[in-house]
Amino acid sequence: MAKSDTKTARLVPPGLPNEPLLQVKDLKTHFQVPAGIVRAVNGVSLTLDRGKTLGVVGESGSGKTVLARSIMRLNLGDHVIASGSAKFEGKELLDIPMSDMPDLWGVEMAMVFQDPMTSLNPVVKIGRQVTEHIRHHHGTSKSDAKDAAIALLKSVRIPEAEARFNAYPHELSGGMRQRVSIAIALACGPKLLFADEPTTALDVTVQHSILNLLAQQQRERYMAMIMVTHDLGVVAGRADEIMVMYAGKVVERAPTKTLFEDMRHPYTEALMRSIPKVSERSHTRLSAIAGRPPDLINPPNGCSFSPRCAYAGPRCFEEAPPLVDVPGSDHQFACWLPVGSEEGKEAFERNLAARVPQAVAIAEGRVTEDLTGDLEQAAAEAVAEAAAAEEAEGT
Amino acid sequence: MAKLILSRLVRLILTLLAVSALTFFLLKQLPGSEIDALLPPNAPRDPETIALLEERFNLNDPLPVQYFKWLGNAVQGDLGTSAFGGLSVSGQIKDRLPITAELAFVSVFFALIIAVPLGIIGAYRPKSKTDSIISGINQVFISSPNYLVAAVLLYVLSVRYGLLPTVGWTRLGDSITGNLKSVIMPALSLALLEIAIYTRLIKTDMSATLQEDFILSARAKGLPNRYVLFRHALRPSSLSLITVLGLNLGALLGGTVVIEFIFGLPGIGGKLLQSVFSRDVVMVQGLAVFISMSYVVINTLIDIAYLVVDPRTRSRGV
């Protein structure tokens with residue numbers, strides 16, 4: 001492979017239109033449930049060029065999986081309320097009748113699911129699972145589809161592909177199954193691949209090779225990829241751009257390098273801090289993010305991260321921050337008191353002085369798992385007190 | 001897989017031995033003299049006849065010897081001869097089994113072709129209008145005893161419109177249409193309850209299967225809904241159905257006393273009932289062994305069906 005074949009040196013093959021492959025604007029997916037409306041994705045916009053990788057990062061419940069499924073329109077059921085716009089090659093996906101969507105699935109866009117233990121049908125042979133959609137979409141004959149499938153299984157480095165063709169999923173290891181899932185997703189040559197936590201269910205030793213495989217396939221096929229993960233480490237070296245989601249909204253977005261060098265949102269920082277570091281002594285306690293993801297039915301007023309944020313000030317509890325540009329760059333974030341700013345530092349000192357638990361936790365490197373109780377209220381009260389004290393001092 | 005099937009067959013033979021021994025010894029424990037049971041009530045009870053009977057039924061041998069003699073004959077297809085009219089038990093089974101078996105299989109066939117699609121619709125569109133109608137009808141089916149259904153069918157189809165014969169049986173060899181006409185009503189009477197049960201089973205299992213990740217991933221490949229339902233969801237959803245199907249078939253092959261009686265069908269159930277009333281011990285014993293045998297054989301087939309339907313059971317071993 002030539003040395004120039006790197007991410008940055010990638011060129012658009014001739015003959016392809018120059019418009020972005022995917023343009024999402026203010027996409028919302030709400031679920032109507034008995035308890036109310038779950039705002040799982042609440043106004044997300046993004047743009048993805050051909051052949052590029054976007055990393056979508058967030059905790060469980062941040063809406064990242066629902067976002068991927070919303071773009072593909074895989075959220076099925078009467079309780080799904082979708083609005084906004086998602087244009088794929090200039091075509092509005094949300095306007096396509098649901099009955100026509102299967103024509104796009106597999107062919108134009110495909111998905112690799114999280115858990116290969118459950119995403120393959122246990123009673124259907126691998127071979128049929130890799131060939132059935134090739135045959136359905138392309139009308140390929142059985143023997144041609146088999147040849148294609150075996151070539152595909154070989155390309156995802158399944159040893160003895162011919163023999164595996166007749167195997168059942170339970171006869172393969174987890175890593176092998178995820179390779180099969182990738183082969184299935186790639187079978188009809190999609191232009192856009194969603195990888196929904198493709199390595200979360202796998203052994204650490206296997207994770208790396210699966211990620212490399214995805215990257216290699218993506219490069220060879222000039223395919224765009226949206227990689228959904230809760231682990232910033234997974235997308236660190238692999239995504240062109242990273243989008244951090246919290247409570248169904250984008251809280252920060254930047255080219256990968258920029259994000260790691262100059263993160264602005266406290267949530268991004270918290271995610272970063274939660275990655276265990278090799279340099280730490282063994283048995284160092286993991287730095288968890290205090291509190292739980294927000295209630296998506298009754299989200300808190302103001303910034304949805306404020307109840308868990310170490311930097312939160314009074315404004316954060318009242319007014320939701322808009323997504324704003326860092327001047328002169330393609331870096332955006334949604335925070336009143338961003339990381340690295342003077343205001344942010346002051347807010348943190350103030351919260352620390354008021355013994356706001358999550359600030360104390362950061363300062364002392366202590367785990368806050370025992371603070372999950374009434375954190376929200378405690379934080380709000382502490383911040384309000386601190387602000388009042390400040391004001392009293394000022395006058 | 002062949003090994004697993006073989007082990008099932010070995011188990012089948014052992015079970016058959018146990019079942020036949022149990023039936024044999026239990027019937028020997030019945031109160032009253034065996035000679036009394038063997039002789040028709042009005043027959044003379046002189047010592048010669050008794051000695052003859054004891055000789056013929058090996059009654060002077062110890063019990064285990066009696067059993068093995070009986071077993072030896074049974075293996076060769078001779079389940080004994082009834083003292084009532086000298087009918088051979090095997091002959092009776094051979095005459096009557098085709099009727100009972102046809103009735104059983106036709107009713108199960110009716111039930112399956114109706115219940116499977118209904119169950120799938122119910123699972124695919126839960127709480128829809130169609131689903132509530134299906135559930136409503138099923139509720140009626142499940143709470144109607146089959147003799148009631150039989151009576152209604154008889155009234156409507158035979159008495160009112162004269163479409164089908166009321167009673168009796170035309171053998172398949174005599175007339176195909178006649179045979180079909182005589183099987184439809186009894187089979188339907190049996191099928192309605194089965195339809196209700198199978199529909200529920202399929203619906204429940206299918207609803208669970210449709211929540212599985214592999215169904216979403218099959219959809220995400222762009223496969224048509226019908227293909228996903230039948231080729232991906234149905235098989236993993238059919239295990240409970242297969243279990244109940246086996247139990248039902250076993251029961252039906254043992255004869256459906258009430259339905260055979262109502263429609264005047266010369267099946268196994270009717271014979272069993274008649275033999276019990278006339279205290280025809282030899283016949284009862286032969287039929288009982290045959291019926292338990294059908295159960296055991298069917299259940300072995302069901303075990304093998306599991307292996308075919310769910311490949312995971314092949315390596316795990318059930």
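Before any of the text, the structure's been laid out above.
Residues numbered from 1 in each chain as written. Chains lettered and ligands numbered in written order. Predicted model: local features only at pLDDT ≥ 70, side-chain atom pairs only at ≥ 80, totals over all residues. Heavy atoms only, no water.

Caption draft 1: Here's a closer look at the pattern of salt bridges. Enumeration over the complete set of coordinates arrives at 17 salt bridges over all chains. A salt bridge links K257(A) to E261(A), with the shortest nitrogen-to-oxygen separation between them at 3.4 Å. Pair noted here: K257(A) and E261(A) are both in helix α8 (residues 256–261), with a separation of four residues, about one helical turn. Given a relative accessible area of 61%, K257(A) falls into the exposed group. We classify E261(A) as exposed; its relative accessible area is 61%. Put simply, K203(B) and D131(B) hold a salt bridge, and the shortest N to O gap is 3.1 Å. Linking K203(B) in helix α8 (residues 176–210) with D131(B) in helix α6 (residues 129–142), this pair joins segments that are 72 residues apart in sequence. Residue classification places D131(B) among the buried positions, given a relative accessible area of 6%. Look at the salt bridges and you will find they share partners, linking R50(A), E89(A), E108(A) and K191(A) into a network. (Salt bridge = Lys/Arg side-chain N within 4 Å of Asp/Glu carboxyl O. Helix = DSSP H or I, 4+ residues; strand = E, 2+ residues; numbered from the N terminus. Buried < 20%, exposed > 50% of the residue type's maximum accessible area, 1.4 Å probe, protein only.)

Caption draft 2: Spotlight on the nonpolar core. Ranked by size, the top nonpolar core spans 108 residues in total, and within it L46(A), L67(A), I71(A), L192(A) and I226(A) carry the most contacts. Here this core takes seven residues from helix α5 (residues 174–186) of chain A, the largest share from any one element. Here L67(A) is in contact with L27(A), V41(A), V44(A), L46(A), V56(A), M243(A) and M245(A), once residues within four sequence places are set aside. Counting residues in hydrophobic clusters, the runner-up holds 49 residues, among them I99(B), A101(B), A150(B) and V309(B). (Core = buried A, V, L, I, M, F, W, Y, C linked by side-chain atoms within 4.5 Å. Contact = heavy atoms within 4.5 Å.)

Caption draft 3: Layout of helix α6 (residues 204–221) of chain A. All names here are of chain A. Here α6 is 18 residues long and its end C-alpha atoms lie 26 Å apart, about the 26 Å a rise of 1.5 Å per residue gives. Every buried residue of α6 is accounted for by Q207, I210, L211, L213, L214, Q216, Q217 and Q218. In this structure, the buried side of α6 is in contact with β3 (53–57), α3 (142–155), α5, β7 (192–196), β8 (224–229) and α7 (232–236). Looking one or two residues beyond α6, the residue adopting positive phi is Y222, at roughly 50°. (Expected span 1.5 Å × (residues − 1).)

Caption draft 4: View of the sheet that holds β8(A). All names here are of chain A. Taken together, the eight strands give an open sheet; going across it, the order is β6-β7-β8-β3-β9-β10-β12-β11, and neighbouring strands pair in mixed fashion. Among the strands making up the open sheet, the edge pair consists of β6 (109–112) and β11 (324–325). Judged from the six bridges that link them, strand β9 (residues 241–246) and strand β10 (residues 249–255) form a sheet pairing that is antiparallel. If you follow Y246 over to β10, its bridge partner there is K249. Sheet strands in contact with α6 are β3, β7 and β8, and its direction is about 160° off that of β8. Each of β3, β9 and β10 is contacted by helix α9 (residues 266–273), which is oriented at about 100° to β9, the strand it contacts most. (Pairing = 2+ DSSP bridges. Axes fitted to C-alpha atoms, helices over the stretch in contact; angles between N-to-C directions.)

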